[in-house]
Amino acid sequence: MKRVLGFLVSLAALGSGLAPVDLAARPVPLSVRSNFRLGSAGVVCAAQVAPRDTRLRGMFDRAFTLSCRDAAGPVGTLVAVRRAFPIDAPPVAGIAAAAGPQQVCGGTGRAVIDALGGVDAMICRDPASGLDYRRYALTRGDTSYYVEGLAAYDAALRLALASVVLGKAVPGEIRVATTEVTDAAAFARLQAGLLDPLGVRGEGYLRNNGSSFAESAAFFEVLAEKARGEKGEQADMAEALANEGLQQSNLGNFAAAARLFGESERAQLAGDGLGQRLLRNYRALDQLNQRRPDAAAAELARPVDPVNAVFDSARLADGVINLPLADAINRENAATRRMGVPDPSLTRMEKAQILDGQALAIGATAARMAGRTEEAAKGFAEARTRLAMVRGGQVGSIIWLSAEIDIEMARIAGAAGRKDEAEAGLDRAIAALEAAYPSSPAVLSARARKAAFLLDAGERDQAAKLFASVVDDSAAIPDSGTTLRDLLAPYFALLAGQGSDPVASAAPAFAAAQVLERPGVAQTQAILARQLAAGNDAAAALFRLSLARSRDIVRAEGEVARLGALATPSVSESADLAAQQEALAGLRREQTEILAKLAAYPRYTALAPKRVALAEMQSALRPGEAYYKLVAVGQDLYGLYATPASARLIPVPLSRTELAREVQKVRDSIVTVENGKAVNRPFDLDRSRALYKALFGPVDAELAQVRHLVFEPDAAMLQLPPAVLVASDAGIAAYKARTADIDADAFDFTGIAWFGRGRAISIAVSPRAFLDLRALAPSAAQRPYLGLGNNSVPRERPVTAVADSCDWPLALWQRPVKADELLFAARTLGSTSVVKTGSSFTDTGLLSDPALDKYRVLHFATHGLVSAPRKDCPARPALVTSFGGKGSDGLLTFREVFDLKLDADLVILSACDTAGMATIAASREAGVTTGGNYALDGLVRAFTGAGARAVIASHWPVPDDFNATRRLIGGLIAGRSGESVGDALAGAEAALMDDPQTSHPFYWAAFVVVGDAAKPAH
């Protein structure tokens, strides 16, 4: 979701405004930043200001905590103090994992650090953990610099010291162990946890202004957690919630944004005119994100209180300092001084003026979106005038807004034919953003908008080059895909436009499409590939242990947040909170220690490539194979089609909205759920045929030679198996003629040319994930098959079972799925195959079974749950099991599936709608910080995380009628030895297609293979 004008003004950050200088003309120095990246390549590491470090004494002393992506705790610490600081000083307990007074150190030596030269050096060891630590120290002028940390992160320590000494970011590569288990937002949460509230707030605004929306949301989420329940922090919580809400809007999560805006409004202090202005502006921005300019104007018309509110004497008597009084005292606090930010602070009136200037700019953007160009130009001019009245417009925190106004005015000038004026405005905005927010999505956004302007001006070659550079640079800039999702639409239009060569355009389009991929099951597949490729040595064990601890940490963080949010915790709840906080600190230290030990193994310090060149994909395809990647960019759709010998870019003649409508119509003609029951209707052949033509029409002749299609869906096609599309007109006329008779069977679809007939289809989630899975060796498990299902029928809910207000009704367990297909599969595969049904098929039993990784194929035939039992309950994907021992809820949940230990070539989920999503909340509960809210991010992702190379999942409730599902899965299992899973499934589907009773797609088309369907079925 592209933010239209999402400039944020921190009420606190503005309170420590920068001195009035030409800030847009030079980069912001490190001395006034609360966070900066270390190095320029490799694993992302950062230094965060640590104003509460006990070694700080004077106002010019500074301290930093060093952290790196995937490490759950600090990896080092750095101080710059105006006094002598010996290298053999005692380390700070708790900093750099388990570093503490127990270190045993050698003598002082010398080392050479690039850009600095010779420095004092020392090596220490923690006998308890067996980990080595490094220390470096030097003195420049009257300042002593000292850095210490884990030896495995030596590159980060050296770059941190050089950067702070020189006052600028020093380039360099950091090669440390990485699991790739976290994304930019998860790393942002770690960084936020290491900062005090002032630093968290400042970083949240900086990430927003740099268009790193997911990272910004993480900072404000942590700020809200820190403020919740703290006396006198109500205004901070209201501000944090409002900002978190805007970030969710920027990410396209509009329902979450509305909820957070409501919470913010309820948390606001009475009469807080500044908070009201902030929320007013954010709600208007949310409406612009939803392309509702009139609604945005209505939000801006909301009345707000004046900013010169009186002191709240009643709250002051209780020891609460409200916003007006806070402004009147201690405008420059110690933490701000240590960051090097000079006085004077902005007054409340100045802050209000900036917020009102922002409102004028938002209103102007709404007018421009509504086509009222003259009104828009006037509004932007008024906004610029209003902002210039605040210290001459030279306040650092309005750089982004000024740049955005330049871009908007450039759009208006360009539309009016004033090309030079427009280009100058765009260049001015890019320069300002590069200085204030280097290597940020905001810079990429501004450059992409200039490229779009050049394209509109007819400069196609220049536009193409600039777009290509944006795509290339985005690979090294986290959190850029969300910002660029809409902005790359003109690039795709250029590549696919009239006069373009679809073959030559395929490679740059393939690269650009990978910018837009979302984290989720693709990331889980990448982690699985790395885990399985490592074998079973000591390093692989450390890798798996690190993954487990990372998930434990996320779950512990959730519990700490829950307990910390209680308004009136009981004594036991307070004790639980303290225990959870202590446990969390221990988990973070342990996980960081594990990663430090993992750094001894080179294969874990090499960064796995994220993107795939088109030529690499083509070289991995075999004769008779093709890769089709559907790309949704803004409202536009494109197909990228590649075979070993050729590739082309295909414009899809449907919008994203139209595709969603057509897919839903096709799905509704397969099955709908009414009053809790699946209802079938005659399949809509015409719509299916039209959808095939839209997606595959231009390559229809080539597809005739493709026996295995790797299909990477996007948008609504994530919810529809491509096999159900009608590939030719053959059979349609005969069906219509036959069913003209009122007594004819309208559910007999024999003779239809289904796309899935005789063709294996793999569902891929990213090019890299598919290639990783293709490269994996098969399972080493000795047993061929484990079948699980046919839960035991309880008369009542067991007394020992977990129970809460969101339990599913007991009737769910009282209609178990028959075990026929499990028994058939076990007989077919023979040998040491096992079937567990009834009381042997329980959630607690599976979670405690040490032999699950001994089976190559696992097959679940049971009920799948993807919705919530009631509207007021959270949705948690799960499979129904029998009730087990104490603590059982009779469900194998999304979280519990992640906890299983598998080594499986294939997991078959013969259950309802198992290709669905998991919510972000359910993902967090499972210890997963990325993805969620998209199809395939549910049980498919969970089983992938547990160790499944491929998963067969369903897109709708699987039928019992005519033994359809048993015949389908039975045909899959009964395939000839060595036959691929895709061919076996296609053969089983063909048998049902040719049977009049099961020829309706409801019976045969639900299942998809997520993974590489070219691998053997068993």
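The notes below deal with the structure included here. (Residues numbered from 1 in each chain as written. Predicted model: local features only at pLDDT ≥ 70, side-chain atom pairs only at ≥ 80, totals over all residues. Heavy atoms only, no water.)

## Examining the overall build of the chain
Then comes step 1: Counting its regular elements, the chain contains 37 helices and 27 strands.
Then comes step 2: Sorting the 1018 residues of the chain into buried and exposed places 57% on the buried side.
Then comes step 3: Pairs at least 24 residues apart make up 71% of the contacts formed inside the chain by residues separated by at least 6 positions.
Then comes step 4: With an accessible surface of roughly 38,500 Å², the chain has 53% of that area assigned to carbon and sulfur atoms. (Helix = DSSP H or I, 4+ residues; strand = E, 2+ residues; numbered from the N terminus. Buried < 20%, exposed > 50% of the residue type's maximum accessible area, 1.4 Å probe, protein only. Contact = heavy atoms within 4.5 Å. Areas by Shrake-Rupley, 256 points an atom, 1.4 Å probe, with all protein chains shown as cover.)

## Let's talk about the sheet that holds strand β27 (residues 1007–1010)
Then comes step 1: Taken in spatial order, the 11 strands line up as β14-β13-β12-β17-β18-β27-β26-β25-β21-β19-β20 in an open sheet, and their pairing is mixed. Every interior strand has two partners, whereas the edge strands, β14 (647–652) and β20 (834–838), have only one. For this sheet, the mean angle separating the axes of adjacent strands, direction not counted, is 20°.
Then comes step 2: Pairing of strand β26 (residues 951–954) with β27, which is carried by four bridges, proceeds in the antiparallel orientation. The residue bridging Val951 from the neighbouring strand is Val1010, located in β27.
Then comes step 3: Relative to the sheet, helix α19 (residues 489–496) contacts β12 (625–633), β13 (636–642) and β14, its axis offset from that of β13 by approximately 55°. (Pairing = 2+ DSSP bridges. Axes fitted to C-alpha atoms, helices over the stretch in contact; angles between N-to-C directions.)

## Regarding the packing of helix α30 (residues 820–829) against helix α35 (residues 964–973)
Then comes step 1: Axis separation between α30 and α35 bottoms out at 9 Å; the angle between their running directions is 15°. Of the possible angle classes, the one that applies to α30 and α35 is roughly parallel. Here α30 runs over α35; the crossing is right-handed. For the pair α30 and α35, contact is made by Asp820, Glu821, Phe824, Ala825, Thr828 and Leu829 and by Thr965, Arg966, Ile969, Gly970 and Ile973, respectively.
Then comes step 2: Its residues placed into classes, the contact of α30 with α35 shows five nonpolar, three polar and three charged. (Parallel < 35°, antiparallel > 145°, perpendicular 65-115°, else oblique. Left-handed = near helix turned anticlockwise from the far one by under 90°. Nonpolar A, V, L, I, M, F, W, Y, C, P; charged D, E, K, R; others polar.)

## Observations regarding the state of the cysteines
Then comes step 1: If you walk through the whole model with that rule in mind, you get two disulfides.
Then comes step 2: Disulfide pairing is shown between Cys45 and Cys68; the S-S distance is 1.9 Å. Across the S-S bond linking Cys45 and Cys68, the dihedral sits near 110°, which makes this disulfide right-handed. You can see Cys45 sitting in strand β3 (residues 45–49) and its partner Cys68 sitting in strand β4 (residues 62–68), a full 23 residues away along the chain. You'll find Cys45 and Cys68 in the same group, each marked buried.
Then comes step 3: Here Cys105 engages in a disulfide with Cys124; their sulfurs sit 2.0 Å apart. Disulfide Cys105-Cys124: torsion about the S-S bond near 105°, hence right-handed. (Disulfide = S-S within 2.5 Å.)

## What to know about the pattern of salt bridges
Then comes step 1: Going through the model one piece at a time under the given rule, you end up with 55 salt bridges.
Then comes step 2: For Arg110, the salt bridge is made with Asp120, and the minimal N-O distance between the two is 2.9 Å. Taken together, the residues Arg110 in strand β7 (residues 109–113) and Asp120 in strand β8 (residues 117–126) connect sequence positions 10 residues apart.
Then comes step 3: With relative accessibility at 60%, the residue Arg110 sits in the exposed group.
Then comes step 4: On the basis of relative accessible area, Asp120 is assigned to the partly exposed category, the value being 28%.
Then comes step 5: One salt bridge in this structure joins Arg562 and Glu559, with 2.6 Å as the shortest N-O distance. Residue Arg562 and its partner Glu559 are both found in helix α22 (residues 538–564); the two are separated by three residues, about one turn of the helix.
Then comes step 6: Arg562 gets classed as partly exposed once you look at its relative accessible area, which sits at 45%. (Salt bridge = Lys/Arg side-chain N within 4 Å of Asp/Glu carboxyl O.)

## What about the packing of aromatic side chains?
Then comes step 1: Taken as a whole, this structure holds 24 aromatic pairs when the rule is applied.
Then comes step 2: Here the aromatic rings of Tyr628 and Phe696 are separated by 4.6 Å at their centres, their planes lie at 55°, and the arrangement is tilted. With Tyr628 in strand β12 and Phe696 in helix α26 (residues 685–696), this pair connects stretches of sequence that are 68 residues apart. As far as burial versus exposure is concerned, Tyr628 and Phe696 are alike and both buried.
Then comes step 3: Both rings, one in Phe683 and one in Phe749, keep their centres 6.2 Å apart while their planes meet at 85°; by these two values the pair is edge-to-face. Pair noted here: Phe683 is in the loop between β16 (677–679) and α26 and Phe749 is in the loop between α28 (732–738) and β18 (760–763), with a separation of 66 residues, a long-range link.
Then comes step 4: Residue classification places Phe749 among the buried positions, given a relative accessible area of 0%. (Phe/Tyr/Trp six-rings, centres within 6.5 Å; stacked < 30°, edge-to-face > 60°.)

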